[in-house]
Amino acid sequence: MESPSLFIIYLIANCAFTELPELSNGGAKAESQKELLAGYGITEEAMGCPIRSSMETVLLGYSEYGKPVYQDKNAHEADGIIVSCRIKPHNAFRGPYESGVCKMMVVGLGKQKGAESVHSDGLGNMARNLPANAKVVVENSNILFAIPCVEHAYDETALIEAIPTEKIFEREPELLKIAFSNMPSILVKEADVLVVNEIGKNFSGYLGNIKAYNKALSTEELAAENVGATLVDVARNRGAYTD
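Residues numbered from 1 in each chain as written. Predicted model: local features only at pLDDT ≥ 70, side-chain atom pairs only at ≥ 80, totals over all residues. Heavy atoms only, no water.

1. Considerations on the packing of aromatic side chains
Applying the stated criterion to the full structure yields one aromatic pair. Arranged with centres 6.1 Å apart and planes meeting at 75°, the rings of Tyr97 and Phe169 form a pair that is edge-to-face. Here Phe169 lies in helix 7 (residues 168-182) and Tyr97 lies in the loop between strand 4 (80-83) and helix 4 (101-108), a separation of 72 residues in the sequence. Note on Tyr97: relative accessible area 11%, which makes it buried. Here the guanidinium or amino end of Arg128 rests over the ring plane of Tyr65, the centre of that ring lying 4.1 Å away. (Phe/Tyr/Trp six-rings, centres within 6.5 Å; stacked < 30°, edge-to-face > 60°. Helix = DSSP H or I, 4+ residues; strand = E, 2+ residues; numbered from the N terminus. Buried < 20%, exposed > 50% of the residue type's maximum accessible area, 1.4 Å probe, protein only. Lys NZ or Arg CZ within 6 Å of the ring centre and 35° of its normal.)

2. Topic: the pattern of salt bridges
All chains considered together, the criterion is met by nine salt bridges. Between Lys73 and Glu77 there is a salt bridge, with the nearest N and O atoms lying 2.5 Å from each other. On the criterion of helical spacing, the pair formed by Lys73 and Glu77 is a turn pair, its members being four residues apart in helix 3 (residues 73-77). Taking the shortest distance from any N to any O, the salt bridge between Arg94 and Glu98 comes out at 2.5 Å. The class for Arg94 is partly exposed, based on a relative accessible area of 25%. Look at Glu98 and you get buried, because its relative accessible area is 1%. Ionic contacts of the salt-bridge type, sharing partners, join the residues Lys67, Asp121 and Arg128 into one network. (Salt bridge = Lys/Arg side-chain N within 4 Å of Asp/Glu carboxyl O.)

3. Quick notes on the side chain of Ser54
Following the sequence through the fold, Ser54 ends up in the loop between helix 2 (44-47) and strand 2 (57-62). Residue class for Ser54 comes out buried when judged on its relative accessible area of 18%. From its side chain, Ser54 meets the backbone nitrogen of Glu56 in a polar contact 3.0 Å long. (Polar contact = N/O pair within 3.5 Å; in protein donor to acceptor, adjacent residues only side chain to side chain.)

So, in structure tokens, the structure goes:
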């Protein structure tokens with residue numbers, strides 16, 4: 001008799017924008033995703049179990065808005081799924097569900113097809129599409145529970161909490177508020193030069209976190225493809241995470 005299989009999402013990182021495939025987690029390639037995991041010290045040797053990486057998905061159904069919802073084939077065929085992630089503010093849209101459990105279920109487990117689906121209506125509709133697609137995942141797969149973390153201002157773990165599947169949609173917005181309250185800010189009102197010590201996809205979707213550099217971006221600017229290159233305005237940073 002075969003032992004039960006359990007598919008665990010170990011990656012604690014932001015999911016990718018399909019508009020930037022070269023910067024996405026693993027470049028939407030199975031082997032590259034395993035290499036990215038290894039960068040976090042997550043290897044088969046360290047974990048004591050196989051790491052199955054594939055871009056193959058199955059269609060779970062359609063959301064109330066008609067968006068197709070996908071899931072990694074290995075995960076779908078497992079006896080159960082435990083979703084681990086980091087809950088944090090997203091750098092390009094606001095809503096009760098941003099970067100967190102719902103996004104990991106929809107984009108992380110949904111792979112490139114899942115990302116394309118939830119982003120296809122533009123960032124202006126992400127706040128509605130994300131939970132709508134996540135509900136399809138919960139209703140059509142065996143999500144055992146979620147175990148997200150929240151970090152403090154120094155990017156260290158401040159909180160880890162196990163959430164029963166039936167409580168995910170209730171608890172995630174509450175944890176997101178905690179994540180907002182923990183976000184760092186630049187204390188000075190004005191500066192001629194801002195030196196950024198580290199920048200990259202592993203820190204934020206657009207290489208660096210725009211919300212932390214320049215608060216006042218309109219919806220049109222957020223949707224623009226050149227949003228990754230923006231002028232730094234430290235004075236407007238003070239309320240970057242209070243919108």
